[in-house]
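The chain contents come next:
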Amino acid sequence: MSTIQLHTEQQIWDFLREVTDPEIPVLNIVEMGIARKVEVDKAGKVLVKITPTYSGCPAMNAIEKLVNEKLEERGVEEFKVKLDFAETWTTDWMTEEAKAKLKDYGIAPPEKTEEEGDFLKSLSSTKVIPCPFCESFETKLVSKFGSTACKSQYFCDNCDQPFEHFKCI
Amino acid sequence: MTAETKELTKKEAFLNYLLRLADDRLILGQRMSEWCGHGPQLEEDLAMANMALDLIGHATTLYEYAAEIEDEGHDEDYFAYFRDDRDFTNLQLCELPKGDFGFTIARQFLFSAFSYFQYERLKEAKDEQFAGMINKHLKEIKYHLRHSREWVLRLGDGTEESHNRIQESFDELWMYTDELFYMDEVDDLMIKEGMGVDSSEFKKEWKKLVEETLSEATLTVPDWDQFMMSGSRNGIHTEHLGHMLAQMQFLRRSHPDAEWK
């Protein structure tokens, strides 16, 4: 392989698809909507913009490191990985494919976000989340907070299994 | 931060503004994290660790941005670990010891409600990165507000014991609420630049939400006209902050160049 090889944006996106979320190893950072932008300038310099899912997500530093390592491993010589806050991450950026993979992995995927209307009035509203194992709607919220910042805990009364739901934000 | 003879620059105001927001969140997040492993039940233990993580995450991004604005080679750890109590500008409300679960919840509710109204306005700030951070934090703050509000209702309208204890917590916290709405030249300049919020604009809404929630929880709203604490935005704190910083900063100051490997 030539050492001065230029990469296309498409190639960079493909490399990024090889980086998985350390906390949800079935998903890559492109499907998650974490990798937001790839720019390759005329000199071949690559800029990758990533955005955190949650402000305190401990995986973010790991992801930044993994992206750096991946680009190096793939022979990208000049690149910069930038944490960008200009856009606010939402679960709506997760692809349908990603949501299906989440479900197969045993995590109830996020629904589409809804207009909140009067947020203060809807403070106590809870949605019905189907069980990722048996599809039953006989589920209840155990806790709004789960093992990671992005998940909440549910219990399925039909198959008697606890499960996690990827919070819809 | 500003000498009396010198006029506040936009850069100084923005730096101060970011540090005030960040300090609130770091100090409250640290207090919240003290519950880790001590929660009344496993789910709440996780909930509080999650909220602490969010708050410390908010502080980190704000400190990072503050370091960029300040441009003196500092980083987020400098602001968290190498400043003294008089340099911290967090609300006294945030530094009070965690107390019992009711006290922690009551404080979290008052603060989350305030942050919610503040951030709802701040998200329109004329700075893309800043507004982006605020929008991100806002989603998480709503979650905290929902959670703490539900617990206020549950504890207030619960047993005699839980009712009395959370009532006492609100009574104790009340004199720290006036500070939430403190404003000075830092706020004035930020508002002028389209980057700040006039907190008097939403004081009524905040009070309404607090009063309605307390009343729904069968609690008595304490007297708004009592003695109120002041001074935190200018580095005046309760006796508790120094002790907390001693614990929080000790390791980093003893081994300033240590790195995680």
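Sequence order as written defines residue numbering, which begins from 1 separately in each chain. Chains carry letters from A onward and ligands carry numbers from 1 onward, assigned in written order. Restriction of local features to residues with pLDDT of at least 70 applies here, the model being predicted, together with a cutoff of 80 or more for giving and counting side-chain atom pairs; totals for whole chains, interfaces and linings are based on all residues. Values shown for side chains rest on all heavy atoms present in the structure; no hydrogens or waters enter the calculation.

The name recorded for chain B in an unreviewed UniProt entry is 1,2-phenylacetyl-CoA epoxidase subunit PaaC, from Gracilimonas halophila.

As recorded in an unreviewed UniProt entry, chain A goes by the name 1,2-phenylacetyl-CoA epoxidase subunit PaaD, listed as coming from Gracilimonas halophila.

Caption draft 1: Region of interest: the sheet that holds strand 3 (residues 79-83) of chain A. All names here are of chain A. When DSSP finds at least two bridges between two strands, those strands are taken to pair. Only runs of H or I of at least four residues qualify as helices and only runs of E of at least two qualify as strands under DSSP, and these elements are numbered from the N terminus. One open sheet accounts for three strands, arranged 1-2-3; its pairing is mixed. Unpaired on one side and paired on the other, strand 1 (35-40) and strand 3 mark the two borders of the sheet. Taking each pair of neighbouring strands and ignoring which way they run, the sheet shows an average axis angle of 15°. As defined by bridge partners, strand 1 adjoins strand 2 (residues 46-50) across five bridges and the pair is classed as antiparallel. Residue Glu-39 lies in a different strand from strand 2, and its bridge partner there is Leu-47. Only the contacting stretch of a helix is used when fitting its axis, a line to C-alpha atoms as for every element, and angles between N-to-C directions run 0 to 180 degrees.

Caption draft 2: Geometry of the layout of surface pockets. In this analysis, the protein atoms alone were mapped onto a 1 Å grid. Cavities are point sets where a 1.4 Å probe fits without being able to get out; pockets are open sets with protein on both sides within 12 Å along at least five of seven lines; lining residues have an atom within 4 Å of a point. Grid points are joined across faces, edges and corners, and a volume is the space filled by probe spheres set on the points. In this model, the largest pocket occupies a volume close to 1,400 Å³. Considering the residues around the largest pocket, the lining is formed by 34 residues, among which Asn-61 of chain A together with Glu-76, Asp-77, Tyr-81 and Trp-260 of chain B are closest to the centre. Within the residue set of the lining of the largest pocket, elements represented by two or more residues are helix 2 (59-73) of chain A together with helix 1 (10-33), helix 2 (42-70), helix 3 (76-81) and helix 10 (239-254) of chain B. Examining the composition of the lining of the largest pocket, we find that eight residues originate from one element, helix 2 of chain B, more than from any other. For this classification, Asp, Glu, Lys and Arg are treated as charged, while Ala, Val, Leu, Ile, Met, Phe, Trp, Tyr, Cys and Pro are nonpolar and the rest, including Gly, are polar. Looking at the lining of the largest pocket residue by residue, the classes come out as 19 nonpolar, eight polar and seven charged.

Caption draft 3: Geometry of the interface of chain A and chain B. Note on contacts: a residue pair is in contact if any heavy atoms of the two residues lie within 4.5 Å. In this assembly, 30 residues from chain A lie in contact with 29 residues from chain B. The buried area of a pairing is the accessible area, by a 1.4 Å probe, that goes missing from both parts when the two are put together, added over both. When chain A packs against chain B, the two sides together hide about 2,800 Å² of surface, and 61% of this comes from carbon and sulfur. Basic side-chain nitrogens of Lys or Arg form a salt bridge, by our definition, when they fall within 4 Å of a carboxyl oxygen of Asp or Glu. Our enumeration of links across chain A and chain B arrives at one salt bridge. The residue Glu-150 of chain B makes a salt bridge to Lys-144 of chain A at a minimum N-O spacing of 2.5 Å. In protein, a polar contact means a hydrogen-donor-capable atom and an acceptor-capable atom, both N or O and within 3.5 Å, with residues adjacent in sequence counting only if both atoms are side-chain atoms; elsewhere, any N or O pair within 3.5 Å suffices. Taken together, the links from chain A to chain B amount to nine residue pairs in polar contact (both at pLDDT 80 or more). Residue assignment for the side of chain A that touches chain B shows that the elements contributing at least two residues are strand 5 (139-143) and strand 6 (151-156) of chain A.

Caption draft 4: Layout of the packing of helix 6 (residues 128-156) of chain B against helix 7 (residues 160-173) of chain B. All names here are of chain B. Axis separation between helix 6 and helix 7 bottoms out at 7 Å; the angle between their running directions is 125°. Between helix 6 and helix 7, the angle is such that the two are oblique. When helix 6 is examined against helix 7, the residues Val-152, Arg-154, Leu-155 and Gly-156 are found in contact with a partner set consisting of Ser-162, His-163, Ile-166 and Phe-170. Tallied by class, residues from the contact of helix 6 with helix 7 come to four nonpolar, three polar and one charged. By the definition adopted for this analysis, an angle is roughly parallel if under 35 degrees, roughly antiparallel if over 145, roughly perpendicular if from 65 to 115, and oblique otherwise.

Caption draft 5: Inspection of empty space enclosed by the protein at higher detail. Going through the model one piece at a time under the given rule, you end up with two cavities of 30 Å³ or more. Estimated volume of the largest cavity: approximately 170 Å³. For the largest cavity, the lining is made up of 13 residues, of which Tyr-17, Gln-118, Tyr-182, Asp-187 and Arg-233 of chain B are closest to its centre. Among the elements that take part in the lining of the largest cavity, helix 1 of chain B stands out by supplying four residues, more than any other. Residues of the lining of the largest cavity, tallied by class, amount to seven nonpolar, two polar and four charged. Around the second largest cavity, the lining residues are Asp-21, Glu-23, Ile-24, Met-32, Ile-34, Thr-53, Cys-57, Ala-59, Ile-63, Cys-150 and Phe-166 of chain A. Residue composition of the lining of the second largest cavity, grouped by class: eight nonpolar, one polar and two charged.

Caption draft 6: Representation of a negative patch on the surface. Candidate patch residues must exceed 30% relative accessible area and have no salt bridge, after which like charges are joined if within 9 Å and Val, Leu, Ile, Met, Phe, Trp or Tyr side chains if within 5 Å. The Shrake-Rupley method, run with a 1.4 Å probe sphere, supplies the accessible areas, and residue values consider only the shown protein chains as cover. Only four residue types enter the charge count, namely Lys and Arg as positive and Asp and Glu as negative; His and the chain termini do not. Taken as the charge centre is NZ of Lys, CZ of Arg, CG of Asp or CD of Glu, depending on the residue. Residues Glu-9, Glu-39, Asp-41, Glu-77 and Glu-78 of chain A make up a contiguous surface patch of negative charge. Relative to the assigned elements, Glu-39 of chain A resides in strand 1.

Caption draft 7: Main features of the sheet that holds strand 7 (residues 161-166) of chain A. All names here are of chain A. Read across the sheet, four strands follow the order 4-7-6-5 without closing on themselves; strand pairing throughout is mixed. The outermost strands of the open sheet, each flanked by one partner alone, are strand 4 (107-108) and strand 5. Summarising the sheet, strand 4 and strand 7 pair through two bridges and their orientation is parallel. If you follow Ile-107 over to strand 7, its bridge partner there is Glu-164.

Caption draft 8: Region of interest: the nonpolar core. What makes a nonpolar core is a set of buried Ala, Val, Leu, Ile, Met, Phe, Trp, Tyr and Cys residues whose side-chain atoms join them at distances within 4.5 Å. Burial classes follow relative accessibility: with a 1.4 Å probe on protein chains only, a residue under 20% of its type's maximum area counts as buried, one over 50% as exposed, and anything between as partly exposed. Judged by nonpolar contacts, the single largest core of 84 residues is most densely connected at Tyr-63, Phe-109, Phe-130, Phe-170 and Trp-206 of chain B. The biggest single contributor to this core is helix 5 (residues 101-122) of chain B, with 13 residues. Core analysis: the next-biggest nonpolar cluster, separate from the first, contains 35 residues, Ile-34, Val-46, Val-48 and Met-94 of chain A among them.

Caption draft 9: Structural view of the pattern of salt bridges. Evaluation of the coordinates by the stated rule reveals 28 salt bridges over all chains. Ionic pairing is found between Glu-164 of chain A and Lys-151 of chain A, a salt bridge with its closest N-O pair at 3.4 Å. Pair noted here: Glu-164 of chain A is in strand 7 and Lys-151 of chain A is in strand 6, with a separation of 13 residues, a long-range link. A salt bridge links Arg-149 of chain B to Glu-216 of chain B; the nearest nitrogen and oxygen atoms lie 3.3 Å apart. With Arg-149 of chain B in helix 6 and Glu-216 of chain B in helix 9 (residues 203-216), the pair connects residues that are 67 residues apart, well separated along the chain.

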